[in-house]
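Chain by chain, the residues run as shown.
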Number of protein chains: 2
Amino acid sequence: MKIGILGYGNLGRGVECAIRQNPDMELAAVFTRRDPASLTLMTEGVPVYHVDDAIAHKDEIDVLIICGGSATDLPVQTPEYAQYFNVIDSFDTHANVPVHFANVDKAAAETGHTALISCGWDPGMFSLNRLYANCVLPEGHDYTFWGKGVSQGHSDAIRRIAGVKNAKQYTIPVPAALEAVRNGENPELTTREKHTRECFVVAEEGADLARIEKEIVTMPNYFSDYDTTVHFITEEELQRDHSGIPHGGFVFRTGVTGLNGEHKHIIEYSLTLDSNPEFTSSVIVAYARAINRLHNEGVNGCKTVFDIAPAYLSPLSGEEIRAHLL
Amino acid sequence: MKIGILGYGNLGRGVECAIRQNPDMELAAVFTRRDPASLTLMTEGVPVYHVDDAIAHKDEIDVLIICGGSATDLPVQTPEYAQYFNVIDSFDTHANVPVHFANVDKAAAETGHTALISCGWDPGMFSLNRLYANCVLPEGHDYTFWGKGVSQGHSDAIRRIAGVKNAKQYTIPVPAALEAVRNGENPELTTREKHTRECFVVAEEGADLARIEKEIVTMPNYFSDYDTTVHFITEEELQRDHSGIPHGGFVFRTGVTGLNGEHKHIIEYSLTLDSNPEFTSSVIVAYARAINRLHNEGVNGCKTVFDIAPAYLSPLSGEEIRAHLL
């Protein structure tokens, strides 16, 4: 199976690593908006092309993994490339999924390609767990918690404040909220009760730290609805202690069964991830196998993780997965 | 969607309750080996027939849920009824899945029916989690723990000992083993290190308690490989404190990503269930929806949970699940 990567940032490099863990896959090409000569891949012998030349290589690639951002890249790129390739993206702007799905579905269906959008862990593995748990326990409550992990969007928002040189923001679930959910108390939780935010900020020399802290904790949408802690540290400390990109989270469904709802049940799914982009890439690469198979079976158009039978993700045969994993 | 229940024990009654939580389903009939007049259902107006008359009612039922035991009932019943009905069972003898699958597949495929075997939580939801996690993290370790919960098989084994009137056995994961796995230590665990067994036994008057305890803790296969605790209690205490059928457990996959496996990841799925048979039934009923749909689409033969796209389990449309659960 020949995989192409479009966009060689954290996610693209994660896809490259994940392909190396799957012997039935091969990295066929990387496409970049930068000067191709400026990129050094981890995998020897793989060509790097400018993104403008991607379409010329469409017959060399079974599945193209589009590693752009959800804000401006993917809404344009995924429908565009779905006309020429089988594609997968990790589009994660939940509110815009219906429009994105429709655009990609049209492009893929009209040209006989197979596409998967919103693949990764949330959306992705978390979505699957929400769906399965809702179907199994129709009378119940859903809870999703994120973290402890780095939020790129919140880190960026801090960096845009005047006087800030660098910053890293962690989203942290409130332990008491997790406990209440695990105890089956079905709490009604406000935004503030679910997560706290912890910020590590490198200020420019002579900057007004009190003003920066106030701008952070009062920032609408990003911080004002949360209990936020701000730590000022040096660039060296930031690089030493906060250079990773960990993340994770929890999906719960608590529900009842019985003639009168007399029996409680708790379903919990959790992820603890050292590297958010590498785990996301690993999910995407497993689904690349599925998309290639579906395409070979003549299934076209846009899919989500909900539409794909789990067996399609595995390199093993039906007999093998029934014998070893059922 | 019209559902039939074959076998009205704990599982059959669980299915009856689960159907009441799904407005698109209706209990059409119950089939029993007992005298039909001796059964009182929880649902008014539903006919009870003798199992010998089941085939005569095949056109009144979309999916027949076979609620027999895995040891002797299901190997015969599921292939037999798959000739006349779309069927689901909860066959859980892992070692015999290949043979059972082949028998059911032949019967269903030859007659144009759709069958699902080994549905529930293990096999079932745990199997799904093992498969997804293995595909996402190809380099890693799997761990499944069961409990705290009642093992019917182990309780029955104690009851067969001379001098024992009644008994209940709990399987309990060892907390230190769970912690080691959660810490990413990838421990190699013996049977004894993974689970302990706790037994509550009602002895006959004048029975030799020391002999009973010794027979339990030394029983091969069931107890001799475990640290087992035996408590002698009264029948009243057993009824008061141990009449429930709770269960649950944990599925872990711990794995690495990156160029040299430098990043660790932990996937954990856990269930805490007040009623083992009612939760199993709830899973089965969600899959009954999927089997009915697949049958209506012309898909025949035997399936497992691995073969069914998650969206088929939901009463919601593709648009709705993408908007609310992705």
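Along each chain, numbering runs from 1 in the same order as the chain's sequence is written. Going through the entries in the order they are written, you letter the chains from A and number the ligands from 1. Only residues with pLDDT of 70 or above have their local features reported here, since the model is predicted, and side-chain atom pairs are shown and tallied only from 80 upward, although totals for entire chains, interfaces and linings are computed over all residues. As a rule here, side-chain values come from all non-hydrogen atoms in the structure, and water together with hydrogens is ignored.

Caption draft 1: Broad picture of the packing of aromatic side chains. Stacked, tilted and edge-to-face are the three classes applied to pairs of Phe, Tyr and Trp rings, where Trp contributes its six-membered ring and a pair requires centres within 6.5 Å; stacked means planes under 30 degrees apart, edge-to-face means over 60, and tilted covers the rest. Scanning all chains against the criterion turns up 15 aromatic pairs over all chains. Arranged with centres 5.3 Å apart and planes meeting at 80°, the rings of A:Trp121 and A:Phe126 form a pair that is edge-to-face. Ring geometry for B:Phe250 against B:Phe252: centres 6.3 Å apart, planes inclined by 10°, an arrangement best described as stacked. The buried label goes to any residue with under 20% of its type's maximum accessible area, the exposed label to any with over 50%, and the partly exposed label to all in between, with areas taken from a 1.4 Å probe on protein chains only. Take B:Phe250: its relative accessible area is 16%, and that puts it in the buried class. In textbook terms, an aromatic cluster arises when at least three aromatic residues are bridged by ring pairs, as seen for A:Trp121, A:Phe126 and A:Tyr269.

Caption draft 2: Highlighting the layout of surface pockets. Counted as a void, the largest pocket has a volume near 1,600 Å³. Every residue lining the largest pocket is counted, 49 residues in all, and those nearest its centre are B:Asp92, B:Asp122, B:Gln152, B:Gly153 and B:Asn276. For helices the rule is a DSSP run of H or I covering at least 4 residues; for strands it is a run of E covering at least 2, with both sets numbered from the N terminus onward. Elements with a minimum of two residues in the lining of the largest pocket: helix H1 (10-20), strand E2 (26-32), strand E7 (140-146), helix H5 (152-159), helix H7 (191-194), strand E10 (195-203) and helix H10 (276-296) of chain B. Taken together, the residues of the lining of the largest pocket break down into 17 nonpolar, 24 polar and eight charged. Both cavities and pockets are sets of points on a 1 Å grid over the protein atoms alone; in a cavity a 1.4 Å probe fits but cannot get out, in a pocket the set is open with protein on both sides within 12 Å along at least five of seven lines, and lining residues sit with an atom within 4 Å of a point. Grid points are joined across faces, edges and corners, and a volume is the space filled by probe spheres set on the points. Space inside the second largest pocket adds up to approximately 1,400 Å³. As for the second largest pocket, its lining consists of 35 residues, and the residues nearest its centre are A:Asp92, A:Val150, A:Gln152, A:Gly153 and A:Asn276. Taken together, the elements giving at least two residues each to the lining of the second largest pocket come down to helix H1 (10-20), helix H5 (152-159), helix H7 (191-194), strand E10 (195-203) and helix H10 (276-296) of chain A. Among the elements that line the lining of the second largest pocket, the one with the most residues is H5(A), at four residues. Each residue gets one label: Ala, Val, Leu, Ile, Met, Phe, Trp, Tyr, Cys and Pro are nonpolar, Asp, Glu, Lys and Arg are charged, and the others, such as Gly, are polar.

Caption draft 3: Highlighting the interface of chain A and chain B. On the chain B side, the residues contacting the 63 residues of chain A number 62 residues. Contact between chain A and chain B buries roughly 5,700 Å² in total, counting both sides, with carbon and sulfur atoms accounting for 65%. Just to be clear on terms, a salt bridge is a Lys or Arg side-chain nitrogen sitting within 4 Å of an Asp or Glu carboxyl oxygen. Applying the counting criterion to the chain A and chain B interface returns zero salt bridges. Secondary-structure elements contributing two or more residues to the side of chain A that touches chain B are H1, helix H3 (97-111), helix H4 (125-136), strand E12 (247-257), strand E13 (263-273), H10 and helix H11 (318-324) of chain A. Sort the elements by how many residues they give to the side of chain A that touches chain B and E13(A) lands first, with eleven residues. Taken together, the residues of the side of chain A that touches chain B break down into 34 nonpolar, 18 polar and eleven charged. Bridging between E13(A) and strand E13 (residues 263-273) of chain B involves nine bridges; their strand directions are antiparallel. Residue pairing in the sheet places A:Leu273 in a bridge with B:His265 of E13(B). Here, two residues are considered to be in contact whenever any of their heavy atoms come within 4.5 Å of each other. By buried area we mean the combined loss of accessible area, with a 1.4 Å probe, across both parts when two parts are placed together. Pairing between strands requires that DSSP locate at least two bridges from one strand to the other.

Caption draft 4: Broad picture of the environment of B:Gly4. Residues and elements named next belong to chain B. You can see Gly 4 is positioned in strand E1 (residues 2-6). Look at Gly 4 and you get buried, because its relative accessible area is 0%. Expressed as a C-alpha distance, the spacing of Gly 4 and Ala 28, which sit 24 residues apart in the sequence, is 5.5 Å. Those residues within four positions of Gly 4 in sequence are excluded, and the remaining contacts are Ala 29, Ile 61, Val 63, Leu 64 and Ile 65.

Caption draft 5: Spatial organisation of the packing of helix H2 (residues 74-81) of chain A against H3(A). Residues and elements named next belong to chain A. Note on definitions: angles span 0 to 180 degrees between N-to-C directions of axes, and those axes are lines fitted to C-alpha atoms, for helices only across the stretch in contact. Two elements in contact, H2 and H3, have axes whose closest approach is 7 Å; the angle formed by their N-to-C orientations is 20°. Between H2 and H3, the angle falls in the class roughly parallel. Handedness of the crossing formed by H2 with H3: right-handed. The segment H2 lies against H3, with Leu 74, Pro 75, Thr 78 and Pro 79 engaging His 100, Asn 103, Val 104 and Ala 107. Each angle gets one of four labels, with under 35 degrees taken as roughly parallel, over 145 as roughly antiparallel, 65 to 115 as roughly perpendicular, and the rest as oblique. Each helix crossing is assigned a hand: it is left-handed if the near helix lies turned anticlockwise from the far helix by less than a right angle, otherwise right-handed if that turn is clockwise.

Caption draft 6: Representation of the nonpolar core in the model. For this analysis, a nonpolar core means a set of buried residues of the types Ala, Val, Leu, Ile, Met, Phe, Trp, Tyr and Cys, connected via side-chain atoms within 4.5 Å. Among the nonpolar cores identified, the biggest contains 151 residues, and A:Tyr287 and B:Tyr287 are the most heavily contacted of them. Among all residues touching A:Tyr287, those that are not within four sequence positions of it are A:Ile88, A:Leu116, A:Cys119, A:Leu128, A:Val305, A:Ile308, A:Leu313 and B:Tyr132.

Caption draft 7: Expanded view of unusual backbone geometry. Residues and elements named next belong to chain A. Of note, the amide linkage connecting Asp 122 to Pro 123 takes the cis form, showing an omega dihedral of 5°. On the secondary structure map, Pro 123 appears in the loop between strand E6 (114-116) and H4. Positioned with a positive phi, Asn 221 is a non-glycine residue whose angle comes to about 65°. When you line up the elements, Asn 221 lands in the loop between helix H8 (209-217) and strand E11 (227-232).

Caption draft 8: Expanded view of the pattern of salt bridges. All names here are of chain A. Within this structure, the stated rule accounts for 28 salt bridges over all chains. Asp 122 is paired through a salt bridge with Arg 130; the nearest N and O atoms lie 2.8 Å apart. Residue Asp 122 is classed as buried on the basis of its relative accessible area of 16%. Judged by relative accessible area, Arg 130 falls into the buried class, the value being 10%. Through salt bridges with shared partners, one network takes in Glu 179, Arg 182 and Glu 268.

Caption draft 9: Broad picture of helix H6 (residues 175-182) of chain A. All names here are of chain A. Residues Ala 177, Leu 178, Ala 180 and Val 181 constitute the buried set of H6. One side of H6 carries all its buried residues, which in axial view fall inside an arc of 160°. Counted as exposed and oriented over 90 degrees from the buried face of H6: Pro 175 and Ala 176. Our arc is simply the arc of the directions from the helix axis toward the C-beta atoms.

Caption draft 10: Local environment of the confidence of the model for chain A. Confidence scores here are pLDDT values: one per residue, from the predictor, ranging 0 to 100. Mean pLDDT over chain A works out to 97, with 100% of the residues at or above the 70 mark. Across the predicted assembly, pTM comes out at 0.97 and ipTM at 0.97.

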